[in-house]
4 protein chains.
Amino acid sequence: MPPTPPNSPSSSEARFEHRVRVQYVDTDQGGVVHHAAYLRFMEQARVELLRHRGVDYRLFEIERRRAIPVAEIRVRYQLPCRFDDELVVECWVGVINRAKLRFDYRIRRGDAVTTTAEITCACVDLDRERIVSMDPLLREAFE
Amino acid sequence: MPPTPPNSPSSSEARFEHRVRVQYVDTDQGGVVHHAAYLRFMEQARVELLRHRGVDYRLFEIERRRAIPVAEIRVRYQLPCRFDDELVVECWVGVINRAKLRFDYRIRRGDAVTTTAEITCACVDLDRERIVSMDPLLREAFE
Amino acid sequence: MPPTPPNSPSSSEARFEHRVRVQYVDTDQGGVVHHAAYLRFMEQARVELLRHRGVDYRLFEIERRRAIPVAEIRVRYQLPCRFDDELVVECWVGVINRAKLRFDYRIRRGDAVTTTAEITCACVDLDRERIVSMDPLLREAFE
Amino acid sequence: MPPTPPNSPSSSEARFEHRVRVQYVDTDQGGVVHHAAYLRFMEQARVELLRHRGVDYRLFEIERRRAIPVAEIRVRYQLPCRFDDELVVECWVGVINRAKLRFDYRIRRGDAVTTTAEITCACVDLDRERIVSMDPLLREAFE
């Protein structure tokens, strides 16, 4: 069986689609979406993917006193996006283990892939302010 | 004696000057600075004015468990600003009393006034999550 | 007939409702939505209100070579909003004449009004880079 | 001679230091700097490094009708930063050739490295809206 190409979710992974409309504030004087704005689109998709899998991230922080801050990001900007574009942010979990939770992304405008990315999160205990093993609630949601 | 015109600090008020350089991310596809970016410039000037008057706002929140969230803003955009412009954000306290602390602003590029604003803050108790009288530390700093 | 109270659209005005979900990036260390984030929510609602009235703002800039930059803003923050809140941004045109187009706002979370605002736009000619009379297309859309 | 470790500028490279003060708006409800804010700090450092090497990026876009949009980013968040932290953004050119210009970063708070990153830019012709060879002005500035 050929290996799954990067940024293509395998059949066993749930690919989640989150739609965003590019806003005026997301653009810069180059006439395209500023590179930092995509992190916003991807954060939003991440929260919705979690909700879709039964994890309310707001309650996760409040009740479990844990958070999943971003530890590493990698983004490739392949095609520029513009004001008022309707983008589909495909998001799935590429890796989950004790140490990390990696969300993989493919952003499309129609059939064209504009952006691919991997956003790796750690798990921290908000009261002790230190890194802990990935919360079991998240492991159950994605394994 | 004629009244002090709005957005001109009277002689008894300390006018503070904070310099900012417009960044690329602050612009939008209209080729000018996005209107929301000015709130960032003004927040920065506010924190520096407080420091100049002896109030470390970071410690203010930590030690006194109080914050001064924005309750009302009014901004008039008179001239557009552009990428890499060097702006002078003039900031002074226009009103301070038990109920509020109003920071007044005049943003200049060279001699030209580009923007004027009033940002009114309330005082909240972070533990009780409710509005309280303006913290005496702030009243002493500006009266 | 009693006058329409401020920030209540009169019966002849079309009140438009745009829904937004507060994102993590919109919050600050005070645990609430940063005051600048509301300008983003309102800009988004403005673009959708225009679309609802038949004006595609992206094409408006491209085809008519005109823009409606923000000339003045006034926002009153009445209740704090938080991460993951679902907000309803009510938006309507409060004033339109040759000189300006004023969008009025009332942001609600459920039945509670959290924020009210007026955002006044001018009309500029993008090629000549100067203020012009309000574009007839906009006047027709809202009169 | 041992190889230069990643994110350590070799002696032949000019390491540029740009200082930033973390603003309130850069924080999120986790009480730390939001991951997207670092892209802002790094963009600012990039523009100042260019200026230091004799390239005024504003004029570069206007006179040469070229831009260097971000094509790929990689950021590792090692330690959280907080409101009012004074950060030193070390920036140098790690790679420059016909195809790309890679800016490397190490962000420090005092002696502690908080963040490392590589931001790769392409060169585009603004009138033809297509990727071109890296502008000779930039190659001369960094070779």
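Residues numbered from 1 in each chain as written. Chains lettered and ligands numbered in written order. Predicted model: local features only at pLDDT ≥ 70, side-chain atom pairs only at ≥ 80, totals over all residues.

Details of the pairing of strand β5 (residues 101-109) of chain D
Residue and element names in this part refer to chain D.
Phase 1 of the analysis: When strand β4 (residues 86-96) meets β5, the two strands line up antiparallel, connected through 8 bridges. The residue bridging V88 from the neighbouring strand is R108, located in β5.
Phase 2 of the analysis: Where β4 folds back onto β5 in an antiparallel hairpin, the turn is made up of 4 residues.
Phase 3 of the analysis: Of the pairings in the sheet, the one linking β5 to strand β6 (residues 112-121) comprises 9 bridges and is antiparallel in character. Bridge assignment links R102 to a residue of β6, and that residue is T120.
Phase 4 of the analysis: Connecting the antiparallel pair β5 and β6 is a turn made up of 2 residues, with G110 showing a positive phi of about 65°. (Pairing = 2+ DSSP bridges. Helix = DSSP H or I, 4+ residues; strand = E, 2+ residues; numbered from the N terminus.)

Quick word on the interface of chain A and chain C
Phase 1 of the analysis: Contacts between the two partners involve 10 residues from chain A and, on the opposite side, 10 residues from chain C.
Phase 2 of the analysis: Here the side of chain A that touches chain C takes 4 residues from helix α1 (residues 37-52) of chain A, the largest share from any one element.
Phase 3 of the analysis: Residues that form the side of chain A that touches chain C fall into these classes: 4 nonpolar, 2 polar and 4 charged. (Contact = placed C-beta atoms within 7 Å. Nonpolar A, V, L, I, M, F, W, Y, C, P; charged D, E, K, R; others polar.)

A few points about the relation of the copies chain A and chain D
Phase 1 of the analysis: Taken as rigid bodies, chain A and chain D are interconverted by a rotation of 180° and an axial shift of 0.0 Å, the fit giving an RMSD of 0.0 Å. The operation mapping one copy onto its partner corresponds to a two-fold rotation axis. Residue R74 of chain A of chain A places its C-alpha closer to the rotation axis than any other residue of that unit, at 2.2 Å.
Phase 2 of the analysis: Taken together, the interface assignments show that 100% of the residues at the interface of chain A recur at the interface of chain D, consistent with an identical surface on both copies. (Least-squares fit on C-alpha atoms with pLDDT ≥ 70 in both.)

Digging into unusual backbone geometry
Residue and element names in this part refer to chain B.
Phase 1 of the analysis: The backbone phi angle of D84 is positive, close to 75°, even though this residue is not glycine.
Phase 2 of the analysis: When you line up the elements, D84 lands in the loop between β3 (70-77) and β4 (86-96).
Phase 3 of the analysis: Residue class for D84 comes out partly exposed when judged on the 17 C-beta atoms lying within 10 Å of it. (Buried ≥ 20, exposed ≤ 12 C-beta atoms within 10 Å, placed from the backbone.)

Describing the sheet that holds β5 of chain D
Phase 1 of the analysis: If you trace the 10 strands from one edge of the open sheet to the other, you get β1(A)-β4(A)-β5(A)-β6(A)-β3(A)-β3(D)-β6(D)-β5(D)-β4(D)-β1(D), paired in antiparallel fashion. A strand with exactly one partner marks an edge of an open sheet, and here the two such strands are β1 (16-21) of chain A together with β1 (16-21) of chain D. On average, each strand axis in the sheet is tilted by 20° relative to the strand beside it, whichever way the strands run.
Phase 2 of the analysis: Taken together, the 7 bridges between strand β3 (residues 70-77) of chain A and strand β6 (residues 112-121) of chain A define a ladder with antiparallel strand orientation. Bridge assignment links E72 of chain A to a residue of β6 of chain A, and that residue is T120 of chain A.
Phase 3 of the analysis: Packing of α1 of chain A onto the sheet brings it into contact with β1, β3, β4 (86-96), β5 (101-109) and β6 of chain A, and relative to β1 of chain A it is tilted by some 140°.
Phase 4 of the analysis: In this fold helix α1 (residues 37-52) of chain D packs onto β1, β3 (70-77), β4, β5 and β6 of chain D, with an angle of close to 140° to the strand it touches most, β1 of chain D. (Axes fitted to C-alpha atoms, helices over the stretch in contact; angles between N-to-C directions.)

Side note on the relation of the copies chain A and chain C
For the pair of chain copies, the relating operation is a rotation around an axis with a shift along it.
Phase 1 of the analysis: Take chain A, turn it by 180°, move it 0.0 Å along the axis, and it overlays chain C with an RMSD of 0.0 Å.
Phase 2 of the analysis: Mapped onto chain C, 100% of the interface residues of chain A are again interface residues, and the two copies thus contact each other with one and the same surface.

Section: the sheet that holds β3 of chain B
Phase 1 of the analysis: The antiparallel open sheet is built from 10 strands, whose spatial order is β1(B)-β4(B)-β5(B)-β6(B)-β3(B)-β3(C)-β6(C)-β5(C)-β4(C)-β1(C). This sheet does not close on itself; its edge strands, each paired only once, are β1 (16-21) of chain B together with β1 (16-21) of chain C. Strand-to-strand twist across the sheet, computed as the mean angle between neighbouring axes with direction ignored, equals 20°.
Phase 2 of the analysis: Most of the contacts of helix α1 (residues 37-52) of chain B go to β1 of chain B, to which it runs at about 140°, and overall it touches β1, β3, β4, β5 (101-109) and β6 (112-121) of chain B.

Side note on the pairing of strand β3 (residues 70-77) of chain C
Phase 1 of the analysis: In terms of strand pairing, β3 of chain B meets β3 of chain C through 5 bridges, oriented antiparallel. Pairing of I73 of chain B across the sheet is with V75 of chain C, part of β3 of chain C.

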